[in-house]
Amino acid sequence: MNKKNKELLMKYKSVIGLIVFSLIIAVLNDRFLTVSNILNVFKQTSINSVIAAGMTFIILTGGIDLSVGSTLALSGAIAASLLASGTPMIVAVISAILLGAFIGFLNGIIIAKGKVQPFIATLAMMTIIRGVTLIFTNGRPISTGDFSGAEIFSFIGSGKVFGIPFPIIITIVVFAIAYYILKNTSLGRYVYALGGNEEATKLSGINVMQVKYKAYAISGALAAVAGLIVTARLSSAQPQAGSGYELDAIAAVVLGGTSLAGGKGGVIGTIIGALIIGILNNALNLMDVTSYYQLLIKGIVILVAVLIDRDSE
Amino acid sequence: MENIILRMENVRKEFPGVVAINNVHLNVYDGKIMALLGENGAGKSTLVKVMTGVYKRTSGDIYYKGEPVEFKGPKESQEAGIAIIHQELNLINELSIAENIFIGREFKNKFGRIDWKKTYIEAEKLLNEVGLNENPKEIVGALSIGKQQLVEIAKALSLNAKLIVLDEPTDALTDKETESLFKVMRKLREDGKSMVYISHRLEEIFEICDDVTILRDGEFIKEEKIENLTKDKMIELMVGRKLEEQFPKINHKFGKTIFQAVNLENKYLKDVSFGIKEGEILGIAGLMGAGRTELAKTIYGVYKLKYGKLILDDKEISINNPKDAINKKIAYVSEDRKKDGLILSLSVKENIHISALKNIEGKLGYLDRKKEKEDAQEYIDSMSIKTPSMNQKVKNLSGGNQQKVAIAKSLITNPKLLILDEPTRGVDVGAKKEIYDLINEYKKQGMSILMISSEIPEILGMSDRIIVMHEGRIAGELSIKEATQEKIMSLAVGEQVI
């Protein structure tokens, strides 16, 4: 194999890995490679993908956001209660997304201005927001109600456009925008610069704090978008929704080759990472593997994938 | 014939793409002090690292006590009796003197408990040997740098060192501390220890050393007895060329005074005032810790001003952060490009543009890729940055080319005042000359350049005027005509110029 082919192989190794992985599952189980199942995988992956897109921004800056699961729950609950009180759908949706962005912005302030480690700051925020959600919902699910807004709202979770489930369309739009920002705008460049060398970025005349506010706000807003999908699908908001989702999102980002140290990676990898996790979940379900073993196998796959990635560096 | 404790012959060390040292010889004699001299980048520290096994040599032989040796790492050479006292000390500030000396080799009783009584008695003995009158229970962080160095030497003695390498030990010392260090060195020499002494201060070499080995550009130049050398001869051997050739002087008329610092005062600076004209290079000399970088970073908005004002174009300006500074046309090239000058994980193109993305921002924040490429190519060509492509990650470039990218990154902001902090640190000799030519080119175009440097020949060769800093103050200003190495040094150490 010549050098150029080798480079090409290295560049697309995650795509190749994904395809090989899918083929193996397709051979093992004939129900896997059907249109309805594939759409199902994409649909199920959409929630994790949307959160992971935001998480990619954070991890690229060298940070981490553990509060996304709680943000998802609170945004969903707010949207549901607004809809239940007859608020127009668009207002409920925008309010939820703004709330998510605001929670992220708070994370950014605590981290940038308060100089608190992202891990600790967002761990605290995760607990606080979960608490707020439980207080707000009284620990009970909130139904989106019978107003007309609620009916349009459910389209977000289970509607279809040309046969494609709407959550998949949301995911595609989210990733297109995330890709655009990271590749083509100053903010994207600053996110990479900040993760590569914060001190040098500061000395280059960049307002590093602002970059952090924006990155965490994006992550919070996308967690809220995921919260809307979850809530719309069930037509109700669960107070415990999104628990542990932050870890799946981090796994997707890392599987996609983004370095936890920051500065390296991107959203294309993240889609692939999220799909690998989604396909794995789907395959284990199709093969009737019990949920206890599913966790065990998922953990091992993530570990092995990351180890392979590290070796090839 | 004198006895040789350590002999290095025809030693060569290559790094990917660079020969760091070639054909170098070094003899260290029993009970003698050998000076190791050379400019920055001459290969002194590489040679020491090869000696102690930190680097594996590419070729050549090393004999220690007459036997060929092949140390696999500093631990092995230490066990064999070679100790190094680095400029940056390897002590743990939070631990006591005694704990530091015996760290990793604590005296223990049979239950594994540390025998403190014995530890302190042994430490006391060693402190006496190096003439340090301190309680061994004292915390190291509370000692002055000079005393900490003596603790390091005590530690070396406890390891039964036969050969001690001192790497620029006096750079951060006061005259008094230097004198007591020399006293200890003389005593160790009487006790039969051998030493290698690395220093830029030529007067000290005459005071303390027996022999001198001179390196230049990684090559061995000469070994000579100290009594056969003069200071001028030493400099000539070190530099290897006349200063005028290295630093082509541009004489032109300066413009008006463009920038003034008036009574700057903060944690690091005391009443610093100066002005600089268009097309002028103002050199800032001083020792490590004199406040030069802090002055630059204060002007650049990294450190806050407590008092004083900055005047640009006859208008008082306020600068609260680097962004303000760049907007006001002040740029800063860091002394440490890897730590805070460049983003190594980004490409050449991305680094060049990082401070000036605004210039290529279009609708929806879309960056104009075409203009970005054209601009980057322009700098790559005009500064002859050697890189396989503008998309190459900066971490893969050589030191000299990295430095050029760091300078390009500042130039693209179109500064009126360019602050260069150690512009040629860690840059090889060829690239140095290119950087000097570039600086002169910008000077010709009328840019005002504040150049901080620890290399006195560089300061003397490039500057139109020199200010020397000492403990946060301006100790003196010298016109280029009156400036000499001695005058700069004596101002730098806080003595009055006569």
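**Some remarks on the pattern of salt bridges**
Residues and elements named next belong to chain B.
Phase 1 of the analysis: Here the structure, examined in full by the defined rule, presents 36 salt bridges over all chains.
Phase 2 of the analysis: Across the salt bridge formed by E134 and K147, the nearest N and O atoms sit 3.0 Å from each other. Residue E134 is found in the loop between α4 (116-129) and α5 (145-158), and its partner K147 is found in helix α5; the two are separated by 13 residues along the sequence.
Phase 3 of the analysis: The buried category is assigned to E134, whose relative accessible area is 18%.

**Overview of the sheet that holds strand β13 (residues 281-286) of chain B**
Residue and element names in this part refer to chain B.
Phase 1 of the analysis: Spatial strand order, β16-β17-β18-β13-β19-β20: six strands in an open sheet with mixed pairing. Of all the strands in the sheet, the pair left with one neighbour each is β16 (330-333) and β20 (473-479). Direction aside, neighbouring strands of the sheet carry axes that sit 20° apart on average.
Phase 2 of the analysis: Inspection of the sheet shows β16 paired to strand β17 (residues 417-421) by four bridges, in the parallel sense. From the neighbouring strand, I330 faces β17, where its bridge partner is L417.
Phase 3 of the analysis: On the sheet, helix α15 (residues 399-411) packs against β16 and β17 and is oriented at approximately 170° with respect to β16.

**Let's talk about the nonpolar core**
Phase 1 of the analysis: Counting 80 residues, the largest nonpolar core has F57(A) and F153(A) as the members making the most contacts within it.
Phase 2 of the analysis: Top element by residues in this core is helix α11 (residues 208-234) of chain A. It accounts for 13 residues.

**Here's the deal with the confidence of the model for chain B**
Phase 1 of the analysis: Of all residues in chain B, 96% have pLDDT values of 70 or greater, and the mean over the chain is 89.
Phase 2 of the analysis: Taken together, the chains of this predicted complex give a pTM of 0.79 and an interface ipTM of 0.85.

**Some points on the sheet that holds strand β14 (residues 307-312) of chain B**
Residues and elements named next belong to chain B.
Phase 1 of the analysis: Taken together, four strands build an open sheet; the order of strands is β12-β11-β14-β15 and the sheet is antiparallel. With one partner strand each, in any of the chains shown, β12 (272-277) and β15 (315-317) form the two edges of the open sheet. Strand-to-strand twist in this sheet, taken as the mean axis angle between neighbours without regard to direction, amounts to 20°.
Phase 2 of the analysis: Of the pairings in the sheet, the one linking strand β11 (residues 257-265) to β12 comprises five bridges and is antiparallel in character. Considered in β12, the bridge of A261 is made with F274.

Definitions and cut-offs
- Residues numbered from 1 in each chain as written.
- Chains lettered and ligands numbered in written order.
- Predicted model: local features only at pLDDT ≥ 70, side-chain atom pairs only at ≥ 80, totals over all residues.
- Heavy atoms only, no water.
- Salt bridge = Lys/Arg side-chain N within 4 Å of Asp/Glu carboxyl O.
- Helix = DSSP H or I, 4+ residues; strand = E, 2+ residues; numbered from the N terminus.
- Buried < 20%, exposed > 50% of the residue type's maximum accessible area, 1.4 Å probe, protein only.
- Pairing = 2+ DSSP bridges.
- Axes fitted to C-alpha atoms, helices over the stretch in contact; angles between N-to-C directions.
- Contact = heavy atoms within 4.5 Å.
- Core = buried A, V, L, I, M, F, W, Y, C linked by side-chain atoms within 4.5 Å.
- pLDDT = per-residue confidence, 0-100.

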